[in-house]
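In case you want the letters, here they are:
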Amino acid sequence: MAAAKGIAKVLIVVTTISAAVMELLDTTIVNVALNQMAGSLGATIEDVAWVVTSYAIANVIIIPMTGFLGEYFGRKTYYLGSIILFGVSSYFCGASHGLWELVFWRFIQGVGGGALLSTSQAILFDAFEPEDRPIASGIFGMGIIMGPTLGPALGGYIVEHFTWQDIFFVNIPICIAATILTILFIDRKEGEGQKKHLIKIDYLGIGLLTMGVGSLQYVLEKGESEDWFEARSIVIISLMAVVGLVGFVWRELTTESPVVNLHIFKYRVFGVSTIFTFVAGLGLFTSVFVYPVMVQRINGFTPLETGLSLIAPTLFGVVLFPIIGKRMAAGDSPLPYMIIGMLIFIFFGFYSGTATTDMGKWDFFPMQLARVFGVAMLQMPLINQAVAGLKPKEFPAGIALTNMIRQLGGAFGIALANNYVTSRAAQHRSDLMANMTPDNPLFNERLNGIVNSMVAKTGDLFTSTQMAYKQLELIVSKQAYYLAYLDTYRVISIFFMLILPLIFLLKTKKPTKEEIAEAAKAAAESH
């Protein structure tokens, strides 16, 4: 496929970046609306988190299959169908009346969205000459960070001025515009879709992958609330996860027509790179999930204030992507960038762990800026590092698996955060309540202050004392949850600290210009 020129090239860039940003934006746009959804649907925050994770699970399942599906249906047809599916499911998400109905349509939305990320990248690369494709990677990388970060801002504005349902309806006009632009300006690749009758569909592999990932995510989400393996349902679903994942690996390694090429894990560099990609996904999605819930629940931010507090650092950090893209094109080793990115994320986690309940939205700016810089330094170099040890024909499978692992890390991180916050909040509450004793002078001073204030208004000492105790209990619960959220940030840092020594297993020779061009070409044809 020849590189596009002029206005056609601009429209292809606009179409593909818009579709990719929309897909990634929808991973986080609901984060600022979780409290509103919980109240409207009569669910807990922990259950409403399924609205986020069902989308991520669908992404994890579909992303590694996009190469196969694109080859089977034809890339343009598959891309167009995915945009339409995304738009239709967005409508039904907004029209849902129950939590599990919404979760179902979010899963379908994720199935459509999985192709938008992967195939957008391939189509965008085709619009550039081979020597300019690393720059296209930088442009695409901007979308990777802008989508998840702009989601809370847009979601906050919509929730504050309209309803939470409108965060899904807003996708519909974008999907309509993307559908028209795809039909008019995106060409079919030569011969695409013409070998459909020669391609065998690995139905068993698809089924095992779906069962394994879905069951694992259920266990991670519900294990804490159901007392883990004390619950029969958790035991059964855990077995389903093991059977599904082990069976999937066995199937893909033994069948002649695997839906996902797992043979590339035999390369040490790729295998180790996926560990970094997983943790990078965990850091990105978990931090963007925890922050809106924390500052709205504890600091008293409105949804719009929450979103706006994320935009400013994003605008500062996003300029790094085209710069890093040019450096990758010049042949820079990705390892120094990865090391810097991980060190920044370690700093971000511990720095965020020092936040206080009286901080305003601008007080969080330095922390969020560190997060954005960390992501920028990791995303593109990780993709380049992942394919560094692969043969050119294996690049498409490598990039597809890299995208899958990043989304899987995000889904795992959100589930981890939900469970960890619940357990740590209970522990912190217990520790804080231990200080609410009559022999603690600070407690007595605080209690008497509240009681005297209420007596002055009511004149009833007994009722005022009861109300004071209840107020102190609410303050303790609030502080316990805040401490638990801060602990979660520290856990993110610990993950990066644990994998940092593995960087020495990734030493590779500096790629030649020919290898860089070949990798960019493979990325354009991947997914």
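What you see is a predicted model; the values in this text were computed from it and never measured.

The rules behind these values
- Residues numbered from 1 in each chain as written.
- Predicted model: local features only at pLDDT ≥ 70, side-chain atom pairs only at ≥ 80, totals over all residues.
- Heavy atoms only, no water.
- Helix = DSSP H or I, 4+ residues; strand = E, 2+ residues; numbered from the N terminus.
- Buried < 20%, exposed > 50% of the residue type's maximum accessible area, 1.4 Å probe, protein only.
- Contact = heavy atoms within 4.5 Å.
- Phe/Tyr/Trp six-rings, centres within 6.5 Å; stacked < 30°, edge-to-face > 60°.
- Lys NZ or Arg CZ within 6 Å of the ring centre and 35° of its normal.
- Expected span 1.5 Å × (residues − 1).
- Patch = residues over 30% accessible without salt bridge, like charges linked within 9 Å, V, L, I, M, F, W, Y side chains within 5 Å.
- Areas by Shrake-Rupley, 256 points an atom, 1.4 Å probe, with all protein chains shown as cover.
- Salt bridge = Lys/Arg side-chain N within 4 Å of Asp/Glu carboxyl O.
- Core = buried A, V, L, I, M, F, W, Y, C linked by side-chain atoms within 4.5 Å.
- Axes fitted to C-alpha atoms, helices over the stretch in contact; angles between N-to-C directions.
- Parallel < 35°, antiparallel > 145°, perpendicular 65-115°, else oblique.
- Left-handed = near helix turned anticlockwise from the far one by under 90°.
- Nonpolar A, V, L, I, M, F, W, Y, C, P; charged D, E, K, R; others polar.
- pLDDT = per-residue confidence, 0-100.
- Polar contact = N/O pair within 3.5 Å; in protein donor to acceptor, adjacent residues only side chain to side chain.

Topic: the overall build of the chain
In terms of helices and strands, the chain carries 21 helices and 0 strands. Within the chain, the proportion of its 527 residues that are buried is 55%. Nonlocal contacts in the chain, meaning residues at least 24 apart in sequence, comprise 83% of its contacts between residues at least 6 apart.

Some details on the packing of aromatic side chains
Summed over all chains, the structure comprises 16 aromatic pairs. Ring centres of Trp 164 and Phe 168 lie 6.5 Å apart, and the angle between their planes is 90°; this geometry places the pair in the edge-to-face category. Phe 168 gets classed as buried once you look at its relative accessible area, which sits at 0%. Joined through ring pairs, the aromatic side chains of Tyr 91, Phe 92, Phe 104, Trp 105 and Phe 169 make up one cluster. It is Arg 297 that lies over the ring of Tyr 481; its NZ or CZ is 4.3 Å from the centre.

Things to note about the environment of Lys 222
By secondary structure assignment, the location of Lys 222 is in helix H11 (residues 203–222). C-alpha separation for the pair Lys 222 and Ile 234, spaced 12 residues apart in sequence, amounts to 8.0 Å.

Digging into H11
In an α-helix, one full turn covers 3.6 residues, which means residues spaced three or four apart are oriented alike. In this model, H11 (20 residues) spans 28 Å end to end at C-alpha, consistent with the 28 Å of a helix rising 1.5 Å per residue. Taken together, the buried positions of H11 are occupied by Gly 205, Leu 208, Leu 209, Gly 212, Val 213, Ser 215, Gln 217, Val 219, Leu 220, Glu 221 and Lys 222.

What about the environment of Val 159?
Structurally, the position occupied by Val 159 is in helix H8 (residues 133–161). Considered as a pair, Val 159 and Thr 302 are 143 residues apart in the sequence and their alpha carbons are 9.5 Å apart. In this structure Val 159 touches Ala 33, Gln 36, Trp 164, Ile 167 and Pro 303, once residues within four positions along its chain are discounted.

Re a nonpolar patch on the surface
Where nonpolar side chains cluster on the molecular surface, the patch consists of Ile 84, Val 88, Tyr 91 and Phe 92 and spans about 350 Å² of accessible area. Its place among the elements puts Val 88 in helix H6 (residues 75–94).

Thoughts on the nonpolar core
Core analysis: the biggest nonpolar cluster contains 107 residues, and Met 37, Ile 167, Phe 276, Met 294 and Phe 364 have the highest contact counts within it. Of all the elements, helix H13 (residues 268–297) adds the most residues to this core, at 16 residues. Dropping the residues within four chain positions of it, Phe 276 is found in contact with Met 338, Met 342, Leu 382, Ile 499, Leu 502, Ile 503 and Leu 506.

Quick notes on the packing of helix H14 (residues 303–317) against helix H17 (residues 365–386)
Contact pair H14 / H17: the axes reach a minimum separation of 8 Å and the direction vectors enclose 45°. Taken together, the axes of H14 and H17 lie oblique to each other. Considering the relative orientation of H14 and H17, their crossing is right-handed. Taken together, the residues of H17 that come into contact with H14 (itself represented by Ser 309, Leu 310, Ala 312, Pro 313, Thr 314, Phe 316 and Gly 317) are Phe 365, Gln 368, Leu 369, Arg 371, Val 372, Phe 373 and Ala 376. Its residues assigned to classes, the contact of H14 with H17 comprises 9 nonpolar, 4 polar and 1 charged.

What to know about the confidence of the model for the chain
When pLDDT is averaged along the chain, the result is 79; 86% of the residues meet or exceed 70. When the criterion is pLDDT under 50, residues 520–527 qualifies, and its contacts beyond four places in sequence or with other chains add up to 28 contacts.

Concerning the side chain of Arg 106
Along the chain, Arg 106 falls in helix H7 (residues 99–126). In this view, Arg 106 contacts Asp 26, Thr 27, Val 30, Val 51, Val 52, Ser 54, Tyr 55, Cys 93 and Phe 168; residues no more than four positions away in its chain are not counted.

As for the pattern of salt bridges
Across all of its chains, the model carries 2 salt bridges by this definition. Of the charged contacts in the structure, one is a salt bridge between Asp 487 and Arg 424, with a shortest N-O distance of 3.0 Å. Of this pair, Asp 487 sits in helix H20 (residues 461–499) while Arg 424 sits in helix H18 (residues 395–433); the two residues are 63 residues apart in sequence, bridging distant segments of the chain. Measuring nitrogen to oxygen at the nearest pair gives 2.8 Å for the salt bridge that ties Asp 487 to Arg 490. Linking Asp 487 with Arg 490, this pair stays in helix H20, spanning 3 residues, or about one helical turn. Given the relative accessible area of 11%, Asp 487 is considered buried. Through salt bridges that share partners, Arg 424, Asp 487 and Arg 490 make up one connected network.

Things to note about the side chain of Ser 215
The residue Ser 215 is located in helix H11 in this model. Here the side chain of Ser 215 touches Met 211 through a polar contact of 2.7 Å, landing on its backbone oxygen. Discounting residues that sit within four places of it in the chain, Ser 215 has contacts with Ile 237, Met 240 and Ala 241.

Considering helix H16 (residues 334–352)
With 19 residues, H16 extends 27 Å from end C-alpha to end C-alpha; this agrees with the ideal 27 Å at 1.5 Å per step. The set of residues buried in H16 consists of Pro 334, Leu 335, Tyr 337, Met 338, Gly 341, Met 342, Ile 344, Phe 345, Ile 346, Phe 348, Gly 349 and Ser 352. In this structure Ser 333 caps H16, since a side-chain oxygen of it lies 3.3 Å from the backbone nitrogen of Leu 335.

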